[in-house]
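# What the coordinates show
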Amino acid sequence: MSSDQFRHLHEEGLVDTLFSTALNPVACLFHLAFKGGAMFCFLFLNAIIHEEILTFIVVVILAAMDFWTVKNVTGRLLVNLRWDSHIDQFGNEIMVYETDESRKHQQAQALAGDVEAQ
């Protein structure tokens, strides 16, 4: 990291820089909040409240919320990824991963097929 970049981080603050460069700052905030919250609770909540079972429940809930956020929100908004599963005629699960480029390619193929059919 050059001194100019370090000075820039120091002047604006690290958090301002991270969120200002994100495609969707709110999604980025929740992405980091659930991960950070789960890690903080795992490390320190038992020392604060002295309840192992409650600590476990809170960590599992935060981890589940983090998983849902990463799967359904962050992937679509921050990195333009989608995934879905389909069951074929033989009962096998087929995972489908899509990006903007793959969707554009599929649309182009579909349009090319329509043009050829005419």
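Residues numbered from 1 in each chain as written. Predicted model: local features only at pLDDT ≥ 70, side-chain atom pairs only at ≥ 80, totals over all residues. Heavy atoms only, no water.

## Describing the pattern of salt bridges
Going through the model one piece at a time under the given rule, you end up with two salt bridges. In this structure, the salt-bridge partner of lysine 35 is aspartate 66, at a minimum N-O distance of 3.1 Å. Of this pair, lysine 35 sits in helix α3 (residues 25-49) while aspartate 66 sits in helix α4 (residues 52-77), and the two are 31 residues apart along the sequence. The partly exposed category is assigned to lysine 35, whose relative accessible area is 35%. Under the relative-accessibility criterion, aspartate 66 is labelled buried at 13%. Salt-bridge contacts for arginine 82 lead to glutamate 98; the nearest nitrogen and oxygen are separated by 3.0 Å. Residue arginine 82 is located in strand β1 (residues 81-87), and its partner glutamate 98 is located in strand β2 (residues 93-99); the two are separated by 16 residues in the primary sequence. Given the relative accessible area of 36%, arginine 82 is considered partly exposed. Owing to a relative accessible area of 15%, glutamate 98 belongs among the buried residues under this scheme. (Salt bridge = Lys/Arg side-chain N within 4 Å of Asp/Glu carboxyl O. Helix = DSSP H or I, 4+ residues; strand = E, 2+ residues; numbered from the N terminus. Buried < 20%, exposed > 50% of the residue type's maximum accessible area, 1.4 Å probe, protein only.)

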